[in-house]
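What the coordinates show
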Amino acid sequence: MNLKIKATDLRKDILTLIYKARTGHTGGDMSVIDILTVLYYKYMNVNPENIKDPNRDRFILSKGHASEALYCVLSDKGFFPKSDLDNYSGYGSKYIGHPNNKVNGVEMNTGSLGHGLAVGVGMALAGRMDKKDYRVYAVMGDGEMAEGSVWEAIMAAGHYKLDNLTAFVDRNRLQISGTTEQVMTQDSQEKRWEAFGWNVLSINGNDIDALDAAVGLAKQSKGKPTVVIANTTKGCGVSYMENQAGWHHRVPTEEEYAQGIKELEQRRAQYE
Amino acid sequence: MNNIANKQAICNKLLEASQTDKDIVVLCSDSRGSASLTKFADELPEQFIEIGIAEQNLVTVSAGLASCGKKVFAVSPASFLSTRSMEQAKVDVAYSNTNVTLVGISGGISYGALGMTHHSANDIATMASIPNMRVYLPSDHFQTEKLIEALLQDDKPSYVRVGRNAVDPVYEENNIPFEMDKATLIKDGTDVTLIACGEMVKSAKDAAEILAKEGISARVVDMYCLKPIDKDIVIKAAKETKGIVTIEEHTIYGGLNSQVAQITAQNYPVTVIGMGLPDAPVITGKSQEVFDTYGLNAEGIAKEAKKVLNK
C-alpha cells in the first residue's frame, strides 16, 4: 500500500467530516494522521472481524481531541460503516468529540489529557504478565506534556523497562493559547524522556518514511520503552492551516473547504 | 476475640482467591505495609505491582490492566485515592467501565494525629457522585470478606473504604448475613432507626442496647452499600419507626446522611438526624478520642436517637 496516498485520502476524509459536522480539531488531526496511517496500515495487528482478539495490538489516542482522525481511520479499516460518521457529534451519537469505547476499535475513553500513556503502561504490564507479544502504542499531544500524570506514567514505564510500549509525542509546537514554548516550555522533549530511561527517536512526524523506520526501530528496542518525538506541522497538508494556532479548533468555510480538498488532490497526484 | 483490621481481611481474601485465579492483580502506591499487603507481595510477586507514590498513575495503570482482562485491586490511602486520583477514577475506571476495585485504606479519621491531609471525610461524596461507580463501606472483617468475594464475581467498577485499625466485629463467625447491594438489618425495632455505615455500625449496635435498657426499641441497619444504596430498607424504616439517625465517619455533606434524607424526602418524609464529622478541621487525637469528641460513640448515638422520639 502507498501510505502517502492513504494519509492524503484520510486528510480529505477528516476535512470533509469536520466541514459537514461543523465541529472538530482540524489542526491536530492533520498533524497526527501520518502517525496513525503508519501504525494502522503497516504495523498494528488489529482486525475489525475480531475486535476483542486478546493478541491484538493496543492503540490509545491520548490526545483525544484528534478523534476525527481516529474515526476516519477506523471506518476506513472497516471497524464501522463510513455512513455512521454522518451523525458525528450529533444528538445521541456515540461518535463524539473524543474517543469513546462504545465505538468499535476504540480501546479506552480519552479526552482528558494526561491519561493515555498510563493506560498504555497498564496494557503493557498485562501483556508481559500474560506472556503475549502484542505491542502497545500511545499517541500524545505536546501541550499534554504539561500534565503531571504523564510523567508518573513515563517514570513507571522506564522503571518496568516496558519495551512492548511505544509512545508518540505529536510535537506540532502549538496549543490553544499559542506556541507550547510560550505557554509552558516543553523543550527538550528528547532529554526529558531520556532521563526517565526511555529509548528516544526524534523525527519529522509528517514524513511517512521516517515514521515507518522509527516504528520498526521501536520494535527492536530491548529493555527500554521507546518514544518517538514526532516533529509535526499543525494543519499539515492544507496551506492556510499550517502552523496556525487558530486552526486548533476551527471549521472551514465553503471556500476554505474547496481549497483544502483541491490542495490535497494535488498532493495526492504527486504521490501517484 | 477474632479482631483483625478490615484491610487485613481484604489481603487475606485476595491472597486466598489469587492462588487459583491468576487474573487477579493487586497494585499499591508505596502502601504495601500500611495496606497489610506485604504478605501478598512476597507470596505472589507476579500478581503484584508497585506504582510508587503516584496515585493518578496507580488508578489509570489499573484501568489499563483491567482492559486486558485483569481483575484489578488498586490499594492506597483513602484520602489520596479519593481526591488526588478522582479524575482517573471518573474517566479510566467509571467512564471506561473497567474491572477495577479501588480500595481506600485508613479511611475517615484513621490517621488521627497526622491531620487533615490524611483524613478522608469526603470520599463517599466524591466517589458516589461519579456515574457507574459503586461505593462500599464494610463494617467488620467478616462482612469485608463477604464483600470482596462478591466483588470478585462481577466486573464492574467500585470503591471500597476501610479503616486503619482492628475493630470489634459486628457479626459472628457462623452468622454473617450478606446480600450484595442490600443493607443488613442487624436488629429490628419500632421506635427509631439507626442507619450506620463502615466502622460506625458497631457503635450503632451498642447504642441500640443502651436504648433497649431504657425501654426504647431501636432498629439497626448496616448500610455498607452507599451506592447503589438500599432505598427499600430506608423507606421501610421511615414508615415503621418514628425517625432515623444516620451515623458515618464522613462529613454530613454528600454521604450517608444526605442520601437517606434524599430518599425519605422524596418518598416518606420523617425526621433524619445526621451524625458525622464537622465541616471544619477535625480535632487531633486517636480515633476513639476523635469519635468521642463528636459524639460518634454508643452513648452519643443513643442521645441523638432520643431526640427523634422527643420531637
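Residues numbered from 1 in each chain as written. Chains lettered and ligands numbered in written order. Predicted model: local features only at pLDDT ≥ 70, side-chain atom pairs only at ≥ 80, totals over all residues. Heavy atoms only, no water.

Here's the deal with the pairing of strand S2 (residues 136-141) of chain A
Residues and elements named next belong to chain A. Along S2, 6 of the 6 residues are buried, which leaves the element largely enclosed by surrounding structure. Taking every second residue as pointing to the same face, both faces of S2 are buried, with Val136, Ala138 and Met140 on one and Tyr137, Val139 and Gly141 on the other. One ladder, built from 4 bridges, connects strand S1 (residues 58-61) with S2; its direction is parallel. Paired with Arg58 across the strands is Val136, a residue of S2. Tracing the backbone out of S2, into helix H5 (residues 148-159) and back to the parallel element strand S3 (residues 165-171) gives a crossover that is right-handed. (Buried < 20%, exposed > 50% of the residue type's maximum accessible area, 1.4 Å probe, protein only. Helix = DSSP H or I, 4+ residues; strand = E, 2+ residues; numbered from the N terminus. Pairing = 2+ DSSP bridges. Right-handed = clockwise from strand over helix to strand, strands pointing away.)

Notes on the domain arrangement of chain B
Residues and elements named next belong to chain B. When cut into domains, chain B gives domain 1 (6-161) and domain 2 (184-310). When each unit is reduced to the centre of its C-alpha atoms, the spacing between domain 1 and domain 2 is 26 Å. In this assembly, 29 residues from domain 1 lie in contact with 28 residues from domain 2. The contact between domain 1 and domain 2 buries some 1,900 Å² in all, and 60% of this surface belongs to carbon and sulfur atoms. The largest per-residue losses of area from domain 1 upon contact with domain 2 belong to Ile109, Ile124 and Leu137, which jointly make up 29% of the total buried on that side. At the boundary of domain 1 with domain 2, the tally comes to 0 salt bridges. Scanning the region where domain 1 abuts domain 2 turns up 17 residue pairs in polar contact (both at pLDDT 80 or more). For the side of domain 1 that touches domain 2, the secondary structure elements donating two or more residues are helix H6 (123-128), strand S5 (134-136) and helix H7 (141-152). Considering every element that reaches the side of domain 1 that touches domain 2, the biggest residue donor is H6, with 4 residues. (Domains from an automatic or database assignment. Contact = heavy atoms within 4.5 Å. Buried area = accessible area lost by both parts, 1.4 Å probe. Salt bridge = Lys/Arg side-chain N within 4 Å of Asp/Glu carboxyl O. Polar contact = N/O pair within 3.5 Å; in protein donor to acceptor, adjacent residues only side chain to side chain.)

Some words on the pairing of strand S1 (residues 24-28) of chain B
Regular strands show a simple pattern: their side chains alternate between the two faces of the sheet. Residues and elements named next belong to chain B. Judged by how many residues are buried, S1 sits mostly within the fold: 5 of 5 residues are covered. Taking every second residue as pointing to the same face, both faces of S1 are buried, with Ile24, Val26 and Cys28 on one and Val25 and Leu27 on the other. Here S1 runs beside strand S3 (residues 71-77); their pairing, made up of 5 bridges, is parallel. Of the residues in S3, the one forming a bridge with Val25 is Val72. When S1 meets strand S2 (residues 48-50), the two strands line up parallel, connected through 3 bridges. Paired with Leu27 across the two strands is Ile49, which belongs to S2.

Comments concerning the packing of aromatic side chains
Residue and element names in this part refer to chain A. If you walk through the whole model with that rule in mind, you get 13 aromatic pairs over all chains. Summarising the aromatic geometry, the rings of Tyr40 and Phe59 are spaced 5.3 Å apart at their centres and angled 65° between planes, so their arrangement reads as edge-to-face. Linking Tyr40 in helix H2 (residues 26-43) with Phe59 in strand S1, this pair joins segments that are 19 residues apart in sequence. Judged by relative accessible area, Tyr40 falls into the buried class, the value being 3%. Overall, the relative accessible area of 4% leaves Phe59 in the buried class. For the pair Tyr137 and Phe168, a centre-to-centre distance of 6.4 Å together with 40° between the ring planes defines the contact as tilted. In this pair, Tyr137 is assigned in strand S2 and Phe168 in strand S3, connecting sequence segments 31 residues apart. On the accessibility criterion, Phe168 (1% relative accessible area) is buried. Taken together, the aromatic side chains of Tyr71, Phe80, Tyr88 and Tyr95 make up a single cluster linked through ring pairs. Across the ring face of Tyr134, the terminal group of Arg58 is positioned such that the distance to the ring centre comes to 4.1 Å. (Phe/Tyr/Trp six-rings, centres within 6.5 Å; stacked < 30°, edge-to-face > 60°. Lys NZ or Arg CZ within 6 Å of the ring centre and 35° of its normal.)

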